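# Overview (structure and organization)
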Amino acid sequence: METVEMNSVSLKRPHSEDDLDEIKRRKISENSKTGTGQSIETGTEQSDKSLLEDTKNEVIPNEEGEEQEDEELEDSDEDGDSESFADMMKHGLTESDVGITKFVSSHKGFSGILKERYSDFVVHEIGKDGRVSHLDDFSVPVDDEDPSEETFTVLSDDDKQRLEELQLLKNKETSVAIEVIEDTKEKRTVIHQAVKSLFPGLETKTEDRDGKKYIIAYHAAGKKALANPRKHSWPKSRGSYCHFVLYKENKDTMDAINVLSKFLRVKPNIFSYMGTKDKRAITVQEIAVLRITAQRLAHLNKCLMNFKLGNFSYKNHPLKLGELQGNHFTVVLRNITGTDDQIEQAMHSLREIGFINYYGMQRFGTTAVPTYQIGRAILQNNWNEVMDLILKPRPGAEKGYLVKCREEWAKTRDPAAALKKLPVKRCVEGQLLRGLLKYGMKNIISAFGIIPRNNRLMYIHSYQSYVWNNMVSKRIEEYGLRAVPGDLTLKGATAVHIEEGDVDNYTIHDVVMPLPGFDVIYPKHKIGEAYKEMLVADNLDINNMRHKIRDYSLSGAYRKIIIRPQNVNWEVVAYDDPKIPLFTTDLDKLEGKPLPVLPTDGKFRALKMEFSLPPSTYATMAIREVLKMDTSIKNQTQLNTTWLR
């Protein structure tokens, strides 16, 4: 088997601003699936083994903001910068910047458009039992304990607003009075049920005032009762967790959970899941929530954009991060230029050999300051550098308010002044500035600690990934696609070196390489020394990866260098209209929408491909191997600009 360098070109069709505005307005239920034609940037999971060891299924805000108001602020931000997006992305990363340089197959690359429509990239989670998650049932389990449908409509919008403010202790009122207009016992019962089920933590009672009946809502146990599931109202015979399938479009998992918790008026930490799914795709995965009825969840289908919930069931256990077997991908590459022979060679190679298990570009950020640089500074205990890298002005594509915030910081070094420039305070920059305001400029460690733990760990895991990518490229450059003495392989969970006498018993698919840490061993050949040299160049000691702050001590992990996808299938189809779907989604099937009839000899050709990958592997790296192209936003944007000329 031969390794080759990358040398090919991609072609993509950009959308007009009108198209993008329409995309922002669409709802899944209307099934308007035109996407943004964004560059390839979707992996399977956003965590690796070391991340799974260090995280406890926390739901944290995304850097883009954790609630809808923040996202709307970001989307509406228009500063009219003279620099085009293509010009700004000249400052971004390319694959070679993060060690992604090799291919395993020898076929000639070809070009194609990925994600011309959101429905061209669909991810289905594979559970620990091997079952692929599908949304195929909107029915709600019948339960005599469930409130009536009227529960969800009996309260006016004004009532709901006042009750929410009371629930969240946003005003000085100690109770809310709701007049019973049509006074019957049944009507009062429905209002009692509505308040208690829609606003956990509130209790109700009936009072007579001036000859009229009122339902009085109040806090039974102060702040401690806020959003806590009501134990006494949950039937003992019913499992404590409602499991459901979440179908979502253009939202990552944590953003989706933040939206669900907001609409349900509960805290996000009562939700659990097996893996986080990326934003720019249609994804289907299982979610569990503590003591929220299927009826309440199903009601969200009427009011939420970009989500559908179904396949409800009650169980006695939550879901745990990392329990999944992987993900199944259905991908359409449109307007492909490869010959039938090229496509066959590429797909046969993907099925038989696989692809290099690189960490994808989304692991390293999209601006001129890569996340791995911040991670390296954390490991070096260089906290002034950490602060500077996060807050300093940078070239490239960013929201206007972030640019102003950075400029203010560079000019004044005043956290309060810089913070005033941020309408969105939940971004990492806002969180760090709040920390500096609270703890002072001489206690950056504590200030940085205000950032949610998962976000902080993201930086050091990015550095580990950066090292791993570079070392794997060196390993393949030096030894090719065969196992050699000194390589590492796993025996159970333990890594062992491959000895000279046993080398014929192993293939490249058995070889693993370590992410640097205090609890791993390194190859016994040139690459082992290369690890040490790379860390020495970064002022780090490979033999001392423990940090004085426990959270930042890296134990390390092992990762296969070649992944061979399972269930690989493909088909080349012809089409004329770039906007028509080329396969049906779960939602299409539920709504009975047929697949359009495709011409036998259309103007364009598309490659439809399906494959399954284990957790912590990146679908973009599999697609990169097929097309032989750079998957970075920088490269994709420059190619688009060239194509437009």
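Conventions adopted
Residue positions are given per chain, counting from 1 as you read along its sequence in written order. Whole-chain, interface and lining totals are the exception, using all residues; otherwise, since this is a predicted model, local features are given only for residues with pLDDT of at least 70 and side-chain atom pairs are given and counted only at 80 or more. Only hydrogens and water are set aside when side-chain values are computed; all heavy atoms of the structure are taken into account. UniProt positions are given in the numbering used here, feature names are shortened, and annotations may be inferred rather than shown by experiment. Where helices and strands are cited, they refer to DSSP runs of H or I of at least four residues and of E of at least two residues respectively, numbered from the N terminus. What a helix should span is 1.5 Å times the count of its residues minus one. What the bend at a residue measures is the angle between two axes, fitted to the seven residues ending there and to the seven starting there. Only protein chains enter the accessibility calculation, which uses a 1.4 Å probe. A residue is then buried if its area is under 20% of the maximum for its type, exposed if over 50%, and partly exposed in between. Counted as salt bridges are all cases of a side-chain nitrogen of Lys or Arg within 4 Å of a carboxyl oxygen of Asp or Glu. Only buried residues count toward a nonpolar core, which is a set of Ala, Val, Leu, Ile, Met, Phe, Trp, Tyr and Cys residues joined through side-chain atoms within 4.5 Å. For each domain, the first and last residues come from an automatic or database assignment. Note on definitions: a residue-residue contact is assigned when non-hydrogen atoms from the two residues lie within 4.5 Å.

- By the naming in an unreviewed UniProt entry, the protein chain goes by Pseudouridylate synthase 7 homolog and is assigned to Patagioenas fasciata monilis.
- On record in UniProt, under Subunit (unreviewed entry), the comment for the protein chain is "Interacts with SIRT1."
- Among the UniProt annotations of the protein chain, the heading Sequence similarities (unreviewed entry) holds the following wording: "Belongs to the pseudouridine synthase TruD family."

## A closer look at helix α16 (residues 453-479)
- Between its terminal C-alpha atoms α16 stretches 38 Å, which fits the 39 Å expected from 27 residues at 1.5 Å a residue.
- Taking the largest bend as the criterion, α16 deviates by roughly 25 degrees, centred on Y459.
- Within α16, 21 of the 27 residues are buried, leaving the element largely enclosed by the surrounding structure.
- Just beyond α16, the residue with positive phi is G480, at close to 70 degrees.

## Quick word on the pattern of salt bridges
- A full pass over the atoms with the stated rule returns 26 salt bridges.
- Across the pair R162 and D159 runs a salt bridge whose closest N-O atoms are separated by 3.1 Å. Of this pair, R162 and D159 both sit in helix α5 (residues 157-167), 3 residues apart, roughly one helical turn.
- Classification of R162 as partly exposed rests on a relative accessible area of 28%.
- A relative accessible area of 12% means that D159 is categorised as buried.
- When the shortest N-O distance is used, the salt bridge between R456 and D551 registers 3.5 Å. Remark: D551 occurs in the loop between α17 (526-537) and β17 (557-560) and R456 occurs in helix α16; sequence separation between them is 95 residues.
- On the accessibility criterion, R456 (10% relative accessible area) is buried.
- Here the residues in one salt-bridge network are D129, R131, E286 and K315, joined through shared partners.

## Section: the nonpolar core
- One finds F448 and M609 to be the most contacted residues of the largest nonpolar core, which totals 108 residues.
- Of all the elements, α16 adds the most residues to this core, at 11 residues.
- Here this core gathers at least three residues from each of two domains, domain 1 (91-115 + 328-357 + 561-644) and domain 4 (456-469 + 479-552).
- M609 has contacts with F329, T330, V331, L333, M347, L350, N569, W570 and V626, leaving out every residue within four places of it along the chain.
- With 24 residues, the next largest nonpolar core counts M254, L260, Y273 and L297 among its residues.

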